[in-house]
Amino acid sequence: MAKDTRYSFPKSGELPLAHPPVIIGSGPAGLFCAYLLAQHGYAPVVIERGRKVEKRTQDVEKFWQGNQLQPESNVQFGEGGAGTFSDGKLNTLVKDVKGRSQAVLEAFIRHGAPESIGYQGKPHIGTDTLREVVANMRRQIQSWGGTFLFETCVVGMEFQQGRLASLECARNGASLHIETELAVLAIGHSARDTFEMLRQAGFQMEAKAFAVGLRVEHPQSLINESQYGADMAAKLPAAPYKLTANLKNGRGVYSFCMCPGGYVVNASSEAGRIAVNGMSYSGRDGANANSAIIVTVSPKDFDVPGSLGGVEFQRRLEGQAYRLGNGKVPQQLFGDFEAGRASSSYGAFPSAVKGQCGFGSLHHLFPKELTDSFCQGMHQFSNYITGFDREDVILSGVESRTSSPVRISRDESFESNKKGVYPCGEGAGYAGGILSAAMDGMKVAEAIAEKYKAPV
């Protein structure tokens, strides 16, 4: 029998705080850090550059219908973080000896998620339900004394005698000065301007490995039949899959963020660049299955040296994708991609995509080694799922935001080299997905509480 480990928040430390701690970012890491601190009397201030989830959802839907991109309110930026527009997967490989993962699931359930996520092996919420849960958690944090500042972006930090003294923010075209001695950097993997601000401020950072590729679509019926068998394919829920391959050239190829019955989405956050992701609603009842098939890259692949080399690598790919699709999500059939020829129509099934799309020659997108690796992976995966490499599989590009291209250094107490600042979550390079990011946010909240007592 599995040991029933119940989560316990530590006792408060003794160092006084003159101001409430500030959480920068309201994705899962920032949200759960704020949730615990608010619950235990720290009255945190949450700064979010994007809009609250209700307004953000409207902005994203309008963008997908063809309206102009909102740089601060999109699939990447806004309340709930990038995971809000995803399948809402809640599984992780992180070892959890303190019961944090179960505490996250229980918090989600208390705020509107289905009870089934508490016992399923691979739980998911779905983007529609997750939006409601995020809003409910915000209201709970506010009821405990927390404050949210939306459409507010941190643009600078002031340090006195080696530690944080205040934050400078841009809000509605004006400047906002916030005094605080503690800030949690839960900025997400796409806050590229903030990465640059941190680099210039002297934070210790390094470029890290991640992965890039294309989102692939198959008929969900094909995946169901492969996973369940012909007799049960129509009787069971939409089937997921997970695939990995290690190639002779040293590259890894694997599926990422697989969305049963889902949609490919335009997940761009910068003008003139295209990035895609996948999303499922709670019912997972779309006609297609989609997943990112991605190839590992490391700093040796980056054209620009330094800690932000991965950021520039992403930007170059996203700019090329934008040009290949003439501003729309570029798509190509796998058979044409491998043969190096343009696609002009879909095969046996159409794409399920949120956002404008058009055919583009994606075989021009990557360096040859990455293109060859992608194709090798697709063929190897057909050994496990028959038809995975069929010629009419729909490819969409570019999947570039798989994880943060940066790691912000922190010590054993979760503090950066700039005292009073705590890097946290996926954007800082310490998590990968909703659940692991939420757990990392909890760890940082615990570290703050163990050292400081709540401000009076």
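Before reading further, recall that the structure is shown in the block above.
Residues numbered from 1 in each chain as written. Predicted model: local features only at pLDDT ≥ 70, side-chain atom pairs only at ≥ 80, totals over all residues. Heavy atoms only, no water.

Student: I tried to follow unusual backbone geometry on my own but got confused; where do I start?
Tutor: With omega at 5 degrees, the peptide bond leading from Gly-397 into Val-398 counts as cis. Within the secondary structure, Val-398 is located in strand β18 (residues 394-399). For Gln-161, which is not a glycine, the phi torsion comes out positive at approximately 55 degrees. Along the polypeptide, Gln-161 turns up in the loop between β4 (152-160) and β5 (163-171). Exposure remark for Gln-161: the relative accessible area of 86% places this residue in the exposed category. Of note, the phi angle at Asn-172 is positive, near 55 degrees, even though the residue is not glycine. Within the secondary structure, Asn-172 sits in the loop between β5 and β6 (174-179). (Helix = DSSP H or I, 4+ residues; strand = E, 2+ residues; numbered from the N terminus. Buried < 20%, exposed > 50% of the residue type's maximum accessible area, 1.4 Å probe, protein only.)

Student: I tried to follow the packing of aromatic side chains on my own but got confused; where do I start?
Tutor: What characterises a pair of aromatic rings is the spacing of the ring centres plus the angle enclosed by the ring planes. In the structure shown here, the tally under the stated rule is 15 aromatic pairs. The interplanar angle of 45 degrees and the centroid separation of 6.2 Å between the aromatic rings of Phe-32 and Tyr-35 together place this pair among those described as tilted. Here Phe-32 pairs with Tyr-35, and both are found in helix α1 (residues 28-39), just three residues apart, close to one helical turn. Residue classification places Phe-32 among the buried positions, given a relative accessible area of 2%. What makes Tyr-35 buried here is its relative accessible area of 3%. Taking 5.4 Å as the distance between ring centres and 40 degrees as the angle between the ring planes, the aromatic pair formed by Phe-302 and Phe-313 counts as tilted. A residue pair is termed long-range when its members are at least 10 positions apart, and Phe-302 in the loop between β14 (288-297) and α7 (309-324) and Phe-313 in helix α7 qualify at eleven residues. (Phe/Tyr/Trp six-rings, centres within 6.5 Å; stacked < 30°, edge-to-face > 60°.)

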